[in-house]
Amino acid sequence: MSTPLPPATRRNVLGGAAAIGAASLLSSKALAAADDTAVRPFKVAIPDSAVAAMRRRILDTRWADKEPVTDDSQGVQRTKLESLIQYWAGGYDWRKVEARLNALPMYMTQVGGLDIQFIHVRSRHEHAMPMVLTHGWPGSILEFLKAIDPLTNPTAHGGRAEDAFHVVIPSIPGFGFSEKPRTPGWGSDRIGRAWSTLMLRLGYPRYVSQGGDCGSVISQRMALQKVPGLLAIHLNMPAVVPANIAKILAAGDPAPADLSAKERGAFDQLEAFYRDNAGYAAMMNTRPQTIGYSLVDSPVGMAAWMYEKIGQWVYGGGDPLSILTRDEILDDISLYWLTGTGASAARIYWEDHSNNFNARGVITLPVAISVFPGEIFRAPKSWAQRCYTDLIYFNEASNGGHFAAWEQPQLFAEEVRAAFRTLR
């Protein structure tokens, strides 16, 4: 999730080439015309040597001194991180999540000159709604694994057959097993067009899009561009901050006196975020290559960079292990390490180089929003109504944080069902 400077501030696939220059502005149809449109089965097969090398590098870590403060005001506390890393080097087993992924129908296809890896699970229920779900950073396709069955098989999870979805879960270019772009231009606009090409190629002429974090931005860009086939979007981190509020936050000025209680709460959350926790985004916005060297060279350095944000953004009072297991967190971190995508994933920040909280245009396609209580900021309905002329659903969920599907898969599935119910 990309943010500006604080206000007072990878299948490791070889081959393939991204289109260059003005090609980033081509339509989905034009991009698809140059592609090999075959949809190929895909399995994860990380070599034993790579897993062993990861463990050796973890064990060879040169640790920073313990922080001289008694809280996390200087960053991730060594005692918390060291406990996780000890398990990573000793008890953690990557093959478990690899087997879990390989039990799912996964594929690879070329879109816009890049190989895109994706999970594609079709529901057994007739008339299921096709949906593309997009992850963010420091997340991955792993965010959605626990939500797949509730979405595709709702009758086994308290839902109705008519609530079912066919789900497509792609890895963003430069993340996970998708190919890394080798030229600039793969920002959220282009990824949104690529997702349209993917859904149409899979035989879904009408579909919906869901996302949080980077996935929220990509879904919104799809709607703004009115990409072919898109019916509606569901967001769990909507970009709705009005221009005047964004300007005040950027200047570090006091909140306007006329804000409602919910608007003032959102303002205060954003103010605190920019002041205390946005340094990572400033770095990836402006110097992803510089930080990228550390993210692909030091497993513990990369783990600290990611674990800090997982800890802050999970709705667990600063302790992600109260919501996610050690294995779940390390599955995600290991995916980045074993695919060597620390730098390439960071580059989406540089590509968008913008504040993904701020409104950037009026969307006229149907929009649904779920606000989870542990989100970075809880978007007020009044701000959402300014940005979306057809707000078909708005609900404040009872639990969950920034990684809603990862943290609360059943609740997330219930929200998505409710969000799109009127469109069936």
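Residues numbered from 1 in each chain as written. Predicted model: local features only at pLDDT ≥ 70, side-chain atom pairs only at ≥ 80, totals over all residues. Heavy atoms only, no water.

Side note on the sheet that holds strand β2 (residues 106-111)
Test applied: Strand pairing is assigned whenever DSSP detects at least two bridges linking the two strands. Counting from the N terminus, the helices are DSSP H or I runs at least four residues long and the strands are E runs at least two residues long. Fitting a line to C-alpha atoms yields each axis, with helices limited to the stretch in contact; the angle taken between N-to-C directions then spans 0 to 180 degrees. We call two residues in contact when some of their heavy atoms are within 4.5 Å.
Spatially, the nine strands line up as an open sheet ordered β1-β2-β3-β5-β4-β6-β7-β8-β9, and their pairing is mixed. Pairing within the sheet leaves two strands with one partner each, and these edge strands are β1 (39-41) and β9 (391-396). Averaged over neighbouring strand pairs, the angle between their axes works out to 25° when direction is ignored. When strand β8 (residues 367-371) meets β9, the two strands line up parallel, connected through five bridges. Within β9, the position partnered with V371 by the bridge is E396. Sheet strands touched by helix α6 (residues 188-201): β1, β2, β3 (114-121), β4 (129-134), β5 (165-170) and β6 (207-211). Its angle to β2, the strand with the most contacts, is close to 120°.

Re the environment of A368
Position of A368 among the secondary structure elements: in strand β8. Separated by 75 residues in sequence, A368 and Y293 have C-alpha atoms that sit 39 Å apart.

A word on the nonpolar core
Selection rule: What we call a nonpolar core is a set of buried Ala, Val, Leu, Ile, Met, Phe, Trp, Tyr and Cys residues that are connected through their side-chain atoms within 4.5 Å. A 1.4 Å probe rolled over the protein chains alone gives each residue an accessible area, and that area as a share of the maximum for its type sets the label: buried under 20%, exposed over 50%, partly exposed in between.
Counting residues in each nonpolar core, the largest one holds 129 residues, and the members touching the most others are I119, W137 and L151. Ranked by residue count, the leading element in this core is helix α12 (residues 299-313), at eight residues. Among all residues touching L151, those that are not within four sequence positions of it are M131, L133, D163, A164, F165, V167, F412, A413 and V416.

Describing α6
The following threshold applies: For a helix, the expected span equals 1.5 Å multiplied by the number of residues minus one.
With 14 residues, α6 ought to run about 20 Å at 1.5 Å a step, and its terminal C-alpha atoms sit 20 Å apart, in line with that. When you tally the buried positions in α6, you get twelve out of 14 residues, the bulk of the element. Along α6, the residues that are buried comprise S188, R190, I191, G192, R193, A194, W195, S196, T197, L198, M199 and R201. Two residues or fewer after α6 comes G203, characterised by a positive phi angle close to 90°.

Considerations on the packing of α6 against helix α7 (residues 214-225)
Counted only if it meets this: Angular relationships are summarised with four words: roughly parallel below 35 degrees, roughly antiparallel beyond 145, roughly perpendicular across 65 to 115, and oblique for the angles in between.
It is at 8 Å that the axes of α6 and α7 come closest, and there the two elements cross at 75°. Classified by the interaxial angle, the pair formed by α6 and α7 is roughly perpendicular. Here S188, D189, I191, G192, R193, W195 and S196 of α6 lie close against α7, whose contacting residues are V217, I218, R221, M222 and Q225.

Quick word on the pairing of β5
Taken across its six residues, β5 has six buried, putting it largely inside the fold. Residues F165, V167 and I169 of β5 are buried on one face, and the alternating residues H166, V168 and P170, pointing to the opposite face, are buried as well. Two elements, β3 and β5, share four bridges in a ladder whose sense is antiparallel. Counterpart to V121 in the pairing with β5 is V167.

Considerations on the confidence of the model for the protein
Rules: You can read pLDDT as the predictor saying how much it trusts each residue, on a scale of 0 to 100.
Averaged over all residues, the pLDDT of the protein equals 92, while 92% of them reach at least 70. Mean pLDDT values for the elements of the protein range from 48 in helix α1 (residues 28-33) up to 99 in β5. In the model, residues 2-32 has pLDDT below 50 throughout and makes 91 contacts with residues more than four positions away in sequence or in other chains.

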